[in-house]
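Each chain, written out:
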Amino acid sequence: MHNDKRRETARAVLSSRRSLLCGAVGIGTAGVLAACGTTQDDNPTEQQEPDPNEPLARTSDVPTGGGIVVGTVVLVQPTEGDIAAYDARCTHQGTIVQAPDDDGVIVCPNHLSEYDISGQVTQGPAEEDLAPFAIRIDGEDIYPADD
Ligand code: FES
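Rules behind the numbers
Residues numbered from 1 in each chain as written. Predicted model: local features only at pLDDT ≥ 70, side-chain atom pairs only at ≥ 80, totals over all residues. Heavy atoms only, no water. Buried < 20%, exposed > 50% of the residue type's maximum accessible area, 1.4 Å probe, protein only. Helix = DSSP H or I, 4+ residues; strand = E, 2+ residues; numbered from the N terminus. Pairing = 2+ DSSP bridges. Phe/Tyr/Trp six-rings, centres within 6.5 Å; stacked < 30°, edge-to-face > 60°. Lys NZ or Arg CZ within 6 Å of the ring centre and 35° of its normal. Core = buried A, V, L, I, M, F, W, Y, C linked by side-chain atoms within 4.5 Å. Contact = heavy atoms within 4.5 Å. Axes fitted to C-alpha atoms, helices over the stretch in contact; angles between N-to-C directions.

**Q** Looking at this structure, how should I read the pairing of strand 9 (residues 141–144)?
**A** Residues in a regular strand project their side chains so that they alternate between the two faces of the sheet. Burial along strand 9 is two-sided: the residues Asp141 and Tyr143 and Ile142 and Pro144 are all buried. As judged from the 2 bridges shared by strand 1 (residues 57–58) and strand 9, these two strands associate in the antiparallel manner. The residue bridging arginine 58 from the neighbouring strand is aspartate 141, located in strand 9. Here strand 8 (residues 135–138) folds back onto strand 9, and the loop between the two strands holds 2 residues, one of which, glycine 139, carries a positive phi near 65 degrees.

**Q** In this structure, what is going on with the packing of aromatic side chains? I would like to understand it.
**A** Taken as a whole and assessed by the stated rule, the structure comprises 0 aromatic pairs. The ring of tyrosine 143 carries arginine 136 above its face, with NZ or CZ at 4.2 Å from the centroid.

**Q** Help me understand the nonpolar core, please; the structure alone is not making it clear to me.
**A** Proteins that are soluble and globular tend to have nonpolar side chains buried together. In terms of nonpolar packing, the biggest core is built from 13 residues, with Val74, Val76, Cys90, Val97, Ile106, Tyr115 and Leu130 touching the most fellow members. In this view, cysteine 90 contacts Thr95, Val97, Cys108, Ser113, Tyr115, Ala126 and Leu130; residues no more than four positions away in its chain are not counted. Leu56, Val62, Ile83 and Ile142 belong to the second largest nonpolar core, which has 8 residues in total.

**Q** For this particular structure, what's the right way to read the sheet that holds strand 4 (residues 82–87)?
**A** The strands making up a sheet associate through hydrogen bonds between their backbones, and the pairing can be parallel or antiparallel. Taking strand neighbours across the sheet as the criterion, the 3 strands line up as 2-3-4 in an open arrangement whose pairing is antiparallel. Each edge of the sheet is formed by a strand with only one pairing partner; in this case those strands are strand 2 (66–70) and strand 4. For this sheet, the mean angle separating the axes of adjacent strands, direction not counted, is 20 degrees. As paired strands, strand 3 (residues 73–79) and strand 4 are joined by 5 bridges and run antiparallel to one another. Its bridge partner lying in strand 4, leucine 75 is registered against alanine 85.

**Q** I'm lost on the environment of proline 52 in this one. Help?
**A** Summarising the element assignment, proline 52 is placed in the loop between helix 2 (30–35) and strand 1. Each C-alpha atom, one on proline 52 and one on isoleucine 142, is 9.8 Å from the other, the two residues being 90 residues apart in sequence. What proline 52 contacts, discounting residues up to four positions off in sequence, is Arg136, Tyr143, Pro144 and Asp146.

**Q** Could you clarify how one ought to interpret unusual backbone geometry in this entry?
**A** Most peptide bonds adopt trans geometry, and most residues besides glycine take a negative phi value. A cis amide bond links glycine 124 to the next residue, proline 125, at an omega of 20 degrees. Notably, leucine 112 is not glycine yet its phi reads approximately 65 degrees, a positive angle. Inspection of the secondary structure assignment puts leucine 112 in the loop between strand 5 (106–107) and strand 6 (114–115).

Here it is as structure tokens:
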């Protein structure tokens, strides 16, 4: 309930901020124009792909019942010792999603699609689940899988 209220507040703030920024497009500022759609920061092609030789994180970095975002990967641990990974690019337009909140909800900050902690879309506009991302765990280190 508490987190539902926080998400609603975040939606309202984001929506009003977007309206304000997009309403200013008439003044012709390129930076403002970028705020009305997908920005370069949101562009997945600008995000560096994980290096299979570099650990994404340590297992202790991933909270039980939650997760973290590392570059283009979201690492989750729904239950203790059960670590999974998903491509962090929203299936709507590719914006990097946020780490799961206290309820395990993964929110895309761009148009507020939501995914559960298993990567399944629960609220659009995204229609597809987050894509699984293969990992291997070596001791305490979590690496992208070699294939
Ligand atoms: S990019 Fe549109 S909801 Fe994520």
